[in-house]
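# Close look at the chain arrangement
Here is how the chains run, residue by residue.
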Amino acid sequence: MSHATQHTKVQAQAVEDYLAGLPQFHVGPLWKFLSQALTPEPQSQVRPHLWRWQELRPQLLRSGELVSAAEAERRVLMLLNPGLEGRIATTHTLYGGLQLILPGEVARTHRHTPNALRFIMEGEGAYTVVDGEKITMSPGDFVLTPNWTWHDHGSESTGPVVWLDGLDIPLIQMLEGIFFDPYAEEAQPLTKPLDGSVADYGKSGFLPTWQRATSAHSPLLKYAWKDAREAVMSLGPDAFSPFDGAMLEYVNPVTGGPSLPTMASFLQRLQPGQQTQAHRHSSSAVYLAVEGHGRTTIAAKTYEWSPGDVFALPTWAWHTHENLSASQDAMLFSFTDAPVMKFLHLYREQAM
Ligand code: GTQ
């Protein structure tokens, strides 16, 4: 063995011993981890995944036979991303769940720091109360429960009511910003007019002059399906995106910004036969198929959807949408974490 080789071996052993001794000081060598920490682009643990309505609806209804809303507080099947085992997460920042409320039930009043949104999937006659305002819910309605607002849900329906919950739980957990408060009573008092925020802020193009809310979230707490659908149907060709089709954001009518500070929500229409061009962005999303039949290709894998199916889009993943019907429009609702990324100057978008 040459002197040089022996020196190298001694040196290598010294480095190994040195590294083995570091953990006791709670330090680590960046030079061993730099390339895995600072990757050229995001390396998402989130997996694209589609949850089938046909499979989940029976599971949800079964939960209604086994667990009451009173026992559960919220009777929800969480949509758990297969790449994020052990976490309450649909993407790394967003949570989606299917909530069921049965006739006569009340899901008791509470508040929490995560923001919530709801998109009604099935059933008439349920309501939610947000800070004293009772809000009626019909299929397709989009409803907000902003950060720290008191909310309870109830049903005056004769059948099951189901909606998609969207919350920023994983993001707020990561930020260690979770606070939760139960209300002293099951239901909170109704202190405001029924659907009052819709009366005040729900007519596009008009705002009250006397009172103009300046909160971080939209003062409009419900966006009715009829209005949203009409708006997306009447969009002119100049407003179509080659990447998203005819797409509208549910905005805060006062600021034009996202309806919630952490989540942006959208309704998009794909015309019969339409296939969008591939793009990717540094925001993750949860989609709900609302109408029609189509497929979305995410990172070269295809997910075929029909109404009620939900799918997760990881950040920075190439994707295209296709309407598989030659005669019917397809409609997708979605919510994303783009407002957070934009606020932090981390938002990027790329066309293929
Ligand atoms: O309806 O308040 O899916 O607090 C998760 C947590 C729904 C709700 C969820 C919640 C709610």
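Just above sits the structure.
Summarised in this report is the structure supplied together with it.

### Thoughts on the nonpolar core
Core analysis: the largest hydrophobic core is formed by 46 residues, its most contacted members being Phe119, Leu164 and Phe333. Not counting the four nearest positions on each side in its chain, Phe333 is found in contact with Leu117, Phe119, Phe142, Leu164, Tyr250, Ser265, Phe266, Leu267, Val286, Tyr287, Leu288 and Val290. Of all hydrophobic cores here, the second largest spans 13 residues; its members include Leu50, Ala289, Ala330 and Leu332.

### Considering the site of the ligand
Around the ligand, the neighbouring residues are Arg74, Val76, Tyr95, Gln99, His110, His112, Arg118, His151, His153, Asp165 and Leu167. Contacts to the ligand include Gln99, whose side-chain N or O atom sits 3.2 Å from an oxygen atom. Here an oxygen atom of the ligand and a side-chain polar atom of His112 are 2.8 Å apart. Contributions of two or more residues to the shell around the ligand are made by strand S3 (95-101), strand S4 (106-112), strand S9 (151-155) and strand S10 (161-167). Here the shell around the ligand is composed, by residue class, of 3 nonpolar, 5 polar and 3 charged.

### Some points on the packing of aromatic side chains
The tally for this structure, following the rule as stated, stands at 10 aromatic pairs. With centroids separated by 4.7 Å and ring planes inclined at 5 degrees, the aromatic side chains of Tyr287 and Phe311 adopt a geometry described as stacked. Separated by 24 residues along the polypeptide, Tyr287 in strand S16 (residues 285-291) and Phe311 in strand S19 (residues 310-313) bring together distant segments of the chain. With respect to class, Tyr287 is no different from Phe311; both count as buried. Sitting over the ring of Tyr127, Lys134 keeps its end group 4.4 Å from the ring centre. Note that Lys342 overlies the ring of Tyr347, its terminal NZ or CZ placed 4.7 Å from the centroid.

### Topic: the sheet that holds S4
The strands that make up a sheet pair up through hydrogen bonds in the backbone, lying either parallel or antiparallel. The 5 strands lie next to each other as S7-S6-S9-S4-S11, forming an open sheet whose pairing is antiparallel. Two strands bound the open sheet, and with one partner strand each, they are strand S7 (133-137) and strand S11 (180-182). Neighbour to neighbour, the strand axes of the sheet diverge by 25 degrees on average, direction disregarded. Relative to S9, strand S6 (residues 126-130) runs antiparallel, the two sharing 5 bridges. Residue pairing across strands places Tyr127 opposite Gly154, the latter belonging to S9.

### Section: the pattern of salt bridges
This model, assessed by the stated rule, comprises 14 salt bridges. Ionic pairing is found between Lys226 and Glu230, a salt bridge with its closest N-O pair at 3.1 Å. In this pair, Lys226 and Glu230 both sit in helix H7 (residues 225-233), 4 residues apart, roughly one turn of the helix. One salt bridge in this structure joins Glu322 and Arg295, with 2.9 Å as the shortest N-O distance. In this pair, Glu322 is assigned in strand S20 (residues 319-323) and Arg295 in strand S17 (residues 294-298), connecting sequence segments 27 residues apart. For Glu322, a relative accessible area of 16% corresponds to the buried category. Judged by relative accessible area, which is 30%, Arg295 ranks as partly exposed.

Rules of the game
- Residues numbered from 1 in each chain as written.
- Predicted model: local features only at pLDDT ≥ 70, side-chain atom pairs only at ≥ 80, totals over all residues.
- Heavy atoms only, no water.
- Core = buried A, V, L, I, M, F, W, Y, C linked by side-chain atoms within 4.5 Å.
- Buried < 20%, exposed > 50% of the residue type's maximum accessible area, 1.4 Å probe, protein only.
- Contact = heavy atoms within 4.5 Å.
- Near = heavy atom within 4 Å.
- Polar contact = N/O pair within 3.5 Å; in protein donor to acceptor, adjacent residues only side chain to side chain.
- Helix = DSSP H or I, 4+ residues; strand = E, 2+ residues; numbered from the N terminus.
- Nonpolar A, V, L, I, M, F, W, Y, C, P; charged D, E, K, R; others polar.
- Phe/Tyr/Trp six-rings, centres within 6.5 Å; stacked < 30°, edge-to-face > 60°.
- Lys NZ or Arg CZ within 6 Å of the ring centre and 35° of its normal.
- Pairing = 2+ DSSP bridges.
- Axes fitted to C-alpha atoms, helices over the stretch in contact; angles between N-to-C directions.
- Salt bridge = Lys/Arg side-chain N within 4 Å of Asp/Glu carboxyl O.

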